[in-house]
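A closer look at the structure
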Amino acid sequence: MRQILFSLTLASLLCISSGAEWCYLSQVTCESSSCKGPKEWNKVHPDCAGDNQSPINIITKRTLRNNDLMTFTFTDYDKQTIALMKNNGHSVQVSLPTGKKISGGNLTTYKALQFHLHWGTDGGPGSEHTIDGEQFPMELHIVHIKDTHSSLDQAVKEKDGIAVLGFFYQESPEENKNYTKLIDALDKITDMGLNTTLQGLRLDELIPAPENLTKYYRYEGSLTTPDCSEAVVWTVFENPIPLSKEQILAFTKLNFKDMKSMVDTFRPVQKLNNRIVYRSGSNVVVASMALLAASLLSTVGVSWLH
Ligand SMILES: *[C@@H]1O[C@H](CO)[C@@H](O)[C@H](O)[C@H]1NC(C)=O
Ligand SMILES: *[C@@H]1O[C@H](CO)[C@@H](O)[C@H](O)[C@H]1NC(C)=O
Ligand SMILES: *[C@@H]1O[C@H](CO)[C@@H](O)[C@H](O)[C@H]1NC(C)=O
Ligand SMILES: *[C@@H]1O[C@H](CO)[C@@H](O)[C@H](O)[C@H]1NC(C)=O
Ligand SMILES: [Zn+2]
């Protein structure tokens, strides 16, 4: 009896899988048909065990300020487009038509391919990157490849072939009307493989206003799903996008392949190892405030003398 109990406990602790497909931790069960959770992704692709993996926890006081990290230029982000939105079994992915590009931010020109999101359960922690240990409810990834590449397959072969823009979401008391179209369409793609067309989508409406895009973190990492290719220049913006609780919860209406609710679609944070995380030059504001304070003090000082 004790032996049976022992082996049962051992099996449930180890959950050895024989499935060949990757999945998130929330999908791992102890059946023999179970898929491979994040700890076993290296068996799906060896790159997942690399030294420059994503996501990471960003420890803000250990980031280095860098003046090369200037503002971004967005091309056609404000142009209304038709886009195909699909439940790919791991997330909701929106394929973008050609023409949308980014440059600036110490990057050469990259073109947008698609965006997708990562989320949690019941509006709880769901982002992939974390800031000083804090996990946000959701994260948006806009995936770009270098303008000179013709496909993602080609881009993954170069260390900086891919540029992903990452944005956090934050729960807000108000509904974000800019997301109504996208969130309403989720009803049409609840099951894996389903797709729908979004009309009149504007990328600039989904991200913070330009003046709120000057503060960001930069590091070299990987795709956060297998093959985990270490070919990504990451930009993680500090300013979050507001969404109401209802809007955040809407994403869990989607189902994984196994028809279970699509929740906790994030990879746990990976080791930073020898990498440096840079931050954009937001100290300009701090410096000018210091100057202002100094001039105020000297004014006070002068008036004291009189
Ligand atoms: C800026 O770009 C140059 C050229 O790609 C690179 O060598 C440098 O490391 C980048 N700086 C930062 C802070 O990423
Ligand atoms: C979208 O769904 C239709 C069926 O509704 C299917 O014929 C088509 O291949 C799908 N497109 C993609 C890109 O998945
Ligand atoms: C909605 O999009 C417009 C246009 O980009 C922007 O000015 C506004 O700040 C956005 N609203 C929210 C809540 O993000
Ligand atoms: C910029 O972000 C702040 C704080 O998140 C917010 O209060 C403000 O409305 C944003 N500005 C614009 C123009 O969206
Ligand atoms: Zn992602």
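Residues numbered from 1 in each chain as written. Chains lettered and ligands numbered in written order. Predicted model: local features only at pLDDT ≥ 70, side-chain atom pairs only at ≥ 80, totals over all residues. Heavy atoms only, no water.

Regarding the site of ligand 3
Spelled out, the test is: One heavy atom suffices: a residue is near a molecule or strand as soon as one of its heavy atoms comes within 4 Å of it. Under the rule applied, a polar contact is a pair of N or O atoms within 3.5 Å (in protein, one hydrogen donor and one hydrogen acceptor; residues adjacent in sequence only if both atoms are side-chain atoms). Methods summary: accessible areas were calculated by the Shrake-Rupley approach with a probe of 1.4 Å, and residue burial reflects only the protein chains presented. As a working rule, the residues Ala, Val, Leu, Ile, Met, Phe, Trp, Tyr, Cys and Pro are called nonpolar, Asp, Glu, Lys and Arg charged, and the rest polar, with Gly in that last group.
The environment of ligand 3 is made up of Asn176, Asn178, Asp204 and Glu205. Measuring from an oxygen atom of ligand 3, one finds a side-chain N or O atom of Asn178 at 2.3 Å. The separation between an oxygen atom of ligand 3 and a polar main-chain atom of Asp204 is 3.5 Å. Summarising the interface, the protein chains cover 53% of the accessible area of ligand 3, which totals 360 Å² for the free molecule. For the shell around ligand 3, the residue count by class is no nonpolar, 2 polar and 2 charged.

Some points on the sheet that holds strand 8 (residues 130-131)
Condition: Any two strands are treated as partners once DSSP identifies two or more bridges connecting them. Only DSSP runs of H or I with at least four residues qualify as helices, and only runs of E with at least two residues qualify as strands; both kinds are numbered from the N terminus onward.
Pairing is mixed in the open sheet, where 3 strands are placed in the order 1-8-9. For this open sheet the edge positions go to strand 1 (57-58) and strand 9 (134-135), each flanked by a neighbour on one side alone.

As for the confidence of the model for the protein chain
When pLDDT is low, close inspection of the predicted coordinates is not appropriate. What counts, and what does not: You can read pLDDT as the predictor saying how much it trusts each residue, on a scale of 0 to 100. Throughout, a residue-residue contact means that at least one pair of heavy atoms, one from each residue, lies within 4.5 Å.
Residues at a pLDDT of 70 or more form 85% of the protein chain, whose mean pLDDT is 90. Of the regions scoring below 50 in pLDDT, residues 283-287 engages in 1 contact with residues more than four places distant in sequence or in other chains. For the stretch residues 300-306, pLDDT sits under 50, and the model shows 0 contacts to residues farther than four places along the chain or on other chains.

Re the coordination of the zinc ion (ligand 5)
Formally: Metal donors: N, O and S atoms at distances within 2.8 Å, or within 3.2 Å for Na, K and Ca, with water omitted from the atom set so that some sites may seem incomplete. We call a residue buried when its accessible area falls under 20% of the maximum for its residue type, exposed when it is over 50%, and partly exposed in between, using a 1.4 Å probe and counting protein chains only.
On the protein side, the zinc ion (ligand 5) has His116 (NE2), His118 (NE2) and His141 (ND1) as donor atoms, found 2.0 to 2.1 Å from it. In the primary structure, the donors to the zinc ion (ligand 5) are separated according to the pattern H-x1-H-x22-H. Taken together, the residues His116 in strand 7 (residues 107-119) and His141 in strand 10 (residues 138-146) connect sequence positions 25 residues apart. Relative accessible area serves as the criterion here: at 1%, His141 is assigned to the buried category.

Some remarks on the state of the cysteines
The line we're drawing: Defined by distance alone, a disulfide is two cysteine sulfur atoms within 2.5 Å.
Summed over the entire model, instances satisfying the criterion amount to 2 disulfides. Disulfide pairing places Cys48 opposite Cys228 at an S-S distance of 2.1 Å. Its S-S torsion of approximately 80° makes the covalent link between Cys48 and Cys228 right-handed. Of this pair, Cys48 sits in the loop between helix 2 (41-44) and strand 1 while Cys228 sits in the loop between strand 13 (216-221) and strand 14 (232-237), placing them 180 residues apart in sequence. Judged by relative accessible area, which is 0%, Cys228 ranks as buried.

A look at the site of ligand 2
Around ligand 2 sit Leu84, Lys86 and Asn195, and that is every residue in its neighbourhood. Within the contact set of ligand 2, an oxygen atom lies 3.1 Å away from a side-chain nitrogen or oxygen of Lys86. Asn195 is positioned with one of its side-chain polar atoms (N or O) 2.3 Å from an oxygen atom of ligand 2. Protein contacts shield 30% of the accessible area of ligand 2, which totals 370 Å² for the unbound molecule.

Quick word on the environment of Pro38
With respect to the helices and strands, Pro38 occurs in the loop between helix 1 (2-14) and helix 2. Residues Pro38 and Val28, spaced 10 residues apart in sequence, show a C-alpha to C-alpha distance of 9.5 Å. Excluding residues that lie within four positions of it along the chain, Pro38 makes contacts with Cys23, Tyr24, Leu25 and Pro268.

Structural notes on the side chain of Thr81
When you line up the elements, Thr81 lands in strand 4 (residues 81-87). Residues in contact with Thr81, not counting those within four places in the same chain, are Pro97, Lys100, Leu198, Gln199, Gly200 and Leu201.

A look at unusual backbone geometry
Geometrically, the link from Ser54 to Pro55 is a cis peptide bond, its omega value of 0° lying close to zero. Relative to the helices and strands, Pro55 is located in the loop between helix 2 and strand 1. The linkage connecting Pro226 with the following residue, Asp227, adopts the cis geometry, with an omega of 20°. Along the chain, Asp227 falls in the loop between strand 13 and strand 14. Of note, Asp76 is a non-glycine position whose phi angle comes to about 65°, a positive value. Relative to the helices and strands, Asp76 resides in the loop between strand 3 (72-75) and strand 4. One non-glycine residue, Asn106, lies in the positive phi region at around 60°. Relative to the helices and strands, Asn106 resides in the loop between strand 6 (101-104) and strand 7. The exposure class assigned to Asn106 is exposed, which follows from its relative accessible area of 52%.

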